[in-house]
Amino acid sequence: MSVGVEVGRSAQERFEHWRDLVGRTRVCDATSAHADSFSAQVRRAELGPVALLGTSFPSARFRRTERMVRQSDDEVYHLTLLTAGGMALRRADDQRETFGVGDLSLVDSSHPYDMHSLDVGAPAESRIAGVGVDLPASLLPVPAHRLRDLLGRRLCGREGTGALLADFLLGLDRRAAALQPAETGRLGAVVVDLVAAWIAGELDAADVLPPDARQRAVVEDVRAFVRRNLHNPGLTPPVVAAAHHLSVSHLHRLFTRYSHGETVAAFIRGRRMAKAHRELADPALRALPIQGIAARCGIPGASEFSRAFKAAYGLSPREYRQRALSGAAPE
């Protein structure tokens, strides 16, 4: 569900509506110096028991007090990836941390916290933006006592498993409105596995993960690797297996098990065709020859590309491009 809090409301109503949406899983006292001119965006999706939340807003403060914890503690972990602006967090009396773009933070509902924008006095045009997930603590296979040292810390979302998790969350946020009901529960489980794998990596404690969670995280890493390397014509199952220190047969067993029977080779073909389909219809790429798009998708041979595209979509690349761009004005 994507929710704008812009239209048909007074500024104060927009602010209260935003507070309500955020507070559905992040129960806290949210305040803003811009409540009298408030505008924000919220994108929310329910992925089974996991909630996905994307939002942008002017400078604000979020306080969860001891009293709130006593009155209502659903034992939820809140994971946030900051995509614009900066935030400062205080937990307990002696823990203070700041977060910037690309940082991940993890807090729980069982302890008080005070989080605010770094630019508290900034104009309303200065925005904070992020995407996060709220998940019941009971879903994580990592014992609570092992997590204590991670809570409230600034953690990197730009490398390793943190980058994989961040990319997955950003992709979910972009596609949330198009998700089918049958997909949401599975994607929620994937989120839990990726969060667990990321936590295990930060703690250097892979032993805390059950085998299924480790294997699903490997498969998601494989998918991300394929998406990053579609331009490479040499991207094949043996190359993917070598990059993940797996035998080809083991990769095949893992991938088909967690991909409803789809093979790695089929996934590569499908992602290449989907990328070509998007780029052929992109007005910004209208000047790029079809063979150039084929090369960007890792299929440099013109005849091979044409055959594969027509088999996937029933039209040649040229026919599809003409139809897709016929109503688009030149750039």
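Per chain, the residues get numbers from 1 upward, laid out in the order the sequence is written. Totals for whole chains, interfaces and linings use all residues, but because this is a predicted model, local features are given only for residues with pLDDT of at least 70 and pairs of side-chain atoms are given and counted only at 80 or more. Side-chain numbers here rest on the full set of heavy atoms in the structure, without hydrogens or water.

**A short note on the overall build of the chain**
- Within the chain one finds twelve helices and twelve strands.
- The principal-axis extents of the C-alpha atoms in the chain amount to approximately 65 × 50 × 30 Å.
- Categorising residues by exposure relies on relative accessible area from a 1.4 Å probe, with only protein chains included: less than 20% of the type maximum marks a residue as buried, more than 50% marks it as exposed, and the intermediate range marks it as partly exposed. Going through the 331 residues of the chain one by one, you find that 46% of them count as buried.
- For the chain, contacts bridging at least 24 residues in sequence account for 71% of all contacts bridging at least 6.
- In short, Shrake-Rupley with a 1.4 Å probe defines the accessible areas, and a residue's cover is counted only from the protein chains shown. Surface exposure of the chain reaches about 16100 Å², of which carbon and sulfur atoms provide 52%. Strands are runs of DSSP state E lasting at least two residues, helices are runs of H or I lasting at least four, and both sets are numbered from the N terminus onward. Contacts are residue-level and defined by heavy atoms, with any inter-residue pair within 4.5 Å sufficient.

**A look at the layout of surface pockets**
- With a 1 Å grid laid over protein atoms only, a set of points is called a cavity when a 1.4 Å probe fits there but cannot get out and a pocket when it is open yet has protein on both sides within 12 Å along at least five of seven lines; lining residues have an atom within 4 Å of a point. Grid points are joined across faces, edges and corners, and a volume is the space filled by probe spheres set on the points. In this structure, the largest pocket occupies an estimated 1100 Å³ of space.
- Among the elements of the structure, helix H4 (160–175), helix H5 (181–203), helix H6 (211–228) and helix H9 (264–280) are those that each provide at least two residues to the lining of the largest pocket.
- Charged residues are taken to be Asp, Glu, Lys and Arg, nonpolar residues to be Ala, Val, Leu, Ile, Met, Phe, Trp, Tyr, Cys and Pro, and polar residues to be all remaining types, Gly included. For the lining of the largest pocket, the class distribution of residues is twelve nonpolar, six polar and 13 charged.

**Topic: the environment of leucine 203**
- Mapped onto the fold, leucine 203 is located in helix H5.
- On a C-alpha basis, the gap between leucine 203 and tyrosine 77 in space is 17 Å, while along the polypeptide they are 126 residues apart.

**Section: the pattern of salt bridges**
- One speaks of a salt bridge when a side-chain nitrogen belonging to Lys or Arg is within 4 Å of a carboxyl oxygen belonging to Asp or Glu. Going through the model one piece at a time under the given rule, you end up with 16 salt bridges.
- The residue glutamate 16 makes a salt bridge to arginine 19 at a minimum N-O spacing of 3.5 Å. Pair noted here: glutamate 16 and arginine 19 are both in helix H1 (residues 11–23), with a separation of three residues, about one helical turn.
- Arginine 216 is paired through a salt bridge with aspartate 193; the nearest N and O atoms lie 2.1 Å apart. Of this pair, arginine 216 sits in helix H6 while aspartate 193 sits in helix H5, and the two are 23 residues apart along the sequence.
- The class of arginine 216 is partly exposed, set by a relative accessible area of 27%.
- Each of Glu16, Arg19, Asp29 and Arg63 takes part in salt bridges that share partners, so that together they form one network.

**Quick word on the packing of aromatic side chains**
- When two rings of Phe, Tyr or Trp (its six-membered ring) have centres within 6.5 Å they constitute a pair, described as stacked for plane angles under 30 degrees, edge-to-face for angles over 60, and tilted for the intermediate range. Tallied over the full model, the rule gives ten aromatic pairs.
- Taken together, a centroid distance of 5.1 Å and an interplanar angle of 45° make the contact between tryptophan 18 and phenylalanine 57 tilted. Placement of tryptophan 18 in helix H1 and of phenylalanine 57 in strand S4 (residues 50–57) is noted, with a sequence separation of 39 residues between them.
- Take tryptophan 18: its relative accessible area is 0%, and that puts it in the buried class.
- Members of the aromatic cluster, connected to one another through ring pairs, are Phe15, Trp18, Phe38, Phe57 and Phe62.

**Comments concerning the packing of H5 against H6**
- Their axes nearest at 9 Å, the elements H5 and H6 cross at an angle of 100°. With respect to each other, H5 and H6 are oriented roughly perpendicular. Only Ala213, Arg216, Ala217 and Glu220 of H6 make contact with H5, whose side of the interface consists of Val190, Asp193, Leu194 and Ala197.
- Its residues assigned to classes, the contact of H5 with H6 shows five nonpolar, no polar and three charged. Between N-to-C directions, angles cover 0 to 180 degrees, with each direction set by a line fitted to C-alpha atoms, over the stretch in contact for helices. By definition in this entry, angles of less than 35 degrees are roughly parallel, angles greater than 145 are roughly antiparallel, angles of 65 to 115 are roughly perpendicular, and the rest are oblique.

**Re the sheet that holds strand S8 (residues 95–99)**
- With antiparallel pairing, the five strands of this open sheet are ordered in space as S2-S5-S10-S7-S8. Single-partner strands in this sheet number two, and they are strand S2 (29–31) and S8. Direction aside, neighbouring strands of the sheet carry axes that sit 10° apart on average.
- For two strands to be treated as a pair, DSSP must find no fewer than two bridges joining them. By the bridge criterion, five bridges tie strand S7 (residues 87–91) to S8 in an arrangement that is antiparallel.

**What about unusual backbone geometry?**
- Positive phi is not limited to glycine here, since histidine 245 has a value of about 55°.
- If you trace the backbone, histidine 245 turns up in the loop between helix H7 (237–243) and helix H8 (248–257).

**Here we look at the pairing of strand S3 (residues 41–47)**
- Here S3 runs beside S4; their pairing, made up of seven bridges, is antiparallel. Along S4, the bridge assignment pairs arginine 44 with leucine 53.
- Here S3 folds back onto S4, and the loop between the two strands holds two residues, one of which, glycine 48, carries a positive phi near 65°.

**Some thoughts on empty space enclosed by the protein**
- Scanning the model with the defined rule gives one cavity of 30 Å³ or more in all.
- Size it by volume and the largest cavity reaches roughly 390 Å³.
- What lines the largest cavity is a set of 26 residues, among which Arg26, Phe62, Thr80, Met87 and Met115 lie closest to the centre.
- Those elements giving two or more residues to the lining of the largest cavity turn out to be H1, S4, strand S6 (76–84), S7, strand S9 (103–108), strand S10 (113–117) and strand S11 (128–136).
- Top element by residues in the lining of the largest cavity is S11. It accounts for five residues.
- Split by residue class, the lining of the largest cavity holds 18 nonpolar, six polar and two charged.

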